[in-house]
Amino acid sequence: MNNFTTSMPAQAVARCIIETARSMHMLEHPIAVNNELAEAEKTLIIKMFGKMDEYLAKDRDELSADEITNLFTFVFAKAAECVTNMFNHKEQSFDMAGMFDGRVPIYADENITAEFKSSQFPGMCAANYLKFTQDKADALAGTPPLLLLFEALKWCFRLSCHYAVTIVELSH
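If you're wondering where the values come from, they're calculated on a predicted model, not measured in any experiment. The written sequence of each chain sets the order in which its residues are numbered from 1. Reporting in this predicted model follows two pLDDT cut-offs: at least 70 for local features of residues, and 80 or more for side-chain atom pairs to be given and counted; totals over whole chains, interfaces and linings ignore these cut-offs and use all residues. Based on all heavy atoms of the structure, the side-chain values leave hydrogens and waters out of the count.

A. Spatial organisation of the pattern of salt bridges. Any carboxyl oxygen of Asp or Glu within 4 Å of a side-chain nitrogen of Lys or Arg constitutes a salt bridge here. In the structure shown here, the tally under the stated rule is eight salt bridges. In this structure, the salt-bridge partner of Arg-103 is Asp-101, at a minimum N-O distance of 3.3 Å. For every residue, the accessible area (1.4 Å probe, protein chains only) is compared with the maximum for its type, and the residue is labelled buried under 20%, exposed over 50%, or partly exposed between those bounds. According to the relative accessible area criterion, Arg-103 is exposed, its value standing at 63%.

B. Broad picture of the packing of aromatic side chains. Between 30 and 60 degrees the pair is tilted, below 30 it is stacked and above 60 it is edge-to-face, where a pair is any two Phe, Tyr or Trp rings, Trp via its six-membered ring, whose centres lie within 6.5 Å. Tallied over the entire structure, the rule returns six aromatic pairs. Where Phe-76 meets Phe-121, the ring centres are 6.1 Å apart and the plane angle is 55°; that geometry is what we call tilted. Residue Phe-76 is located in helix α3 (residues 65–87), and its partner Phe-121 is located in helix α5 (residues 121–135); the two are separated by 45 residues in the primary sequence. The buried category is assigned to Phe-76, whose relative accessible area is 5%. For the ring pair Phe-116 and Tyr-163, a centre distance of 5.3 Å and an interplane angle of 15° mean the geometry is stacked. Labels follow the DSSP assignment, with helices taken as runs of H or I lasting at least four residues and strands as runs of E lasting at least two, numbered in each case from the N terminus.

C. Structural context of unusual backbone geometry. Of note in the backbone geometry, His-25 takes a positive phi value of approximately 60° without being a glycine. Within the secondary structure, His-25 sits in the loop between α1 (8–23) and α2 (35–56). Residue His-25 is classed as exposed on the basis of its relative accessible area, which comes to 56%. Residue His-89 is not a glycine yet carries a positive backbone phi of 55°. Checked against the element boundaries, His-89 lands in the loop between α3 and α4 (110–118).

D. Looking closely at the layout of surface pockets. Using a 1 Å grid laid over the protein atoms alone, points where a 1.4 Å probe fits but cannot get out form a cavity; open sets with protein on both sides within 12 Å along at least 5 of 7 lines form a pocket; any residue with an atom within 4 Å of a point counts as lining. Grid points are joined across faces, edges and corners, and a volume is the space filled by probe spheres set on the points. Counted as a void, the largest pocket has a volume near 380 Å³. Contributing to the lining of the largest pocket are 18 residues, with Glu-62, Ile-68, Tyr-129, Pro-145 and Leu-146 lying nearest its centre. Put simply, the parts of the chain that give the lining of the largest pocket at least two residues each are α5, α6 (137–140) and α7 (145–171). Polarity classes work like this: nonpolar for Ala, Val, Leu, Ile, Met, Phe, Trp, Tyr, Cys and Pro, charged for Asp, Glu, Lys and Arg, and polar for all others, with Gly in that last group. Residue composition of the lining of the largest pocket, grouped by class: 12 nonpolar, four polar and two charged. One number sums up the size of the second largest pocket: a volume of about 180 Å³. Of all the secondary structure elements, the ones that give two or more residues to the lining of the second largest pocket are α2 and α7. Broken down by element, the lining of the second largest pocket gets its largest block of residues, four residues, from α7.

E. The arrangement of the nonpolar core in detail. Counting residues in each nonpolar core, the largest one holds 57 residues, and the members touching the most others are Ile-17, Met-48 and Phe-72. Elements with a minimum of two residues in this core: α1, α2, α3, α4, α5 and α7. The element best represented in this core is α7, accounting for 15 residues. Any two residues having at least one pair of non-hydrogen atoms within 4.5 Å are treated as being in contact. Ignoring any residue separated from it by four or fewer positions in sequence, one finds Ile-17 in contact with Phe-72, Phe-121, Cys-125, Tyr-129, Ala-152, Trp-155, Cys-156 and Leu-159. For this analysis, a nonpolar core means a set of buried residues of the types Ala, Val, Leu, Ile, Met, Phe, Trp, Tyr and Cys, connected via side-chain atoms within 4.5 Å.

Structure representation (structure tokens):
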């Protein structure tokens, strides 16, 4: 028997990111899902966890607000790349450059890149995530902070993929 537990804080932080997308009118079409993008998400999140472990092992115990914002920008850019690779039938690979410093190179379809460069979505996700974790600090006590952060990043990636797919479909 599996010993699964339900994390209400993780569910709430996911809702926070979904509501951010809804408020920015990104959910006006059914959410685009794809097995290749789901596999890419899994690979990306695992690589990010590894990089996070290395980063935090350097005498750090928490991330700054700027670093958290950079992580949202990073997954946003990676979503653009993944969708581009999917449509171009290219293998998904993840360069981890810019994960913490905000200087994330983006290699994506020109239509996606143009829309993504002007989008406030990753910044809004980060701001709403930080506000959520601050406002709900008492209710979140005991929940591993990285679990919440990566749940939010996962939903940012998923919804960013949806946004990129929508851009591609509307441009063709």
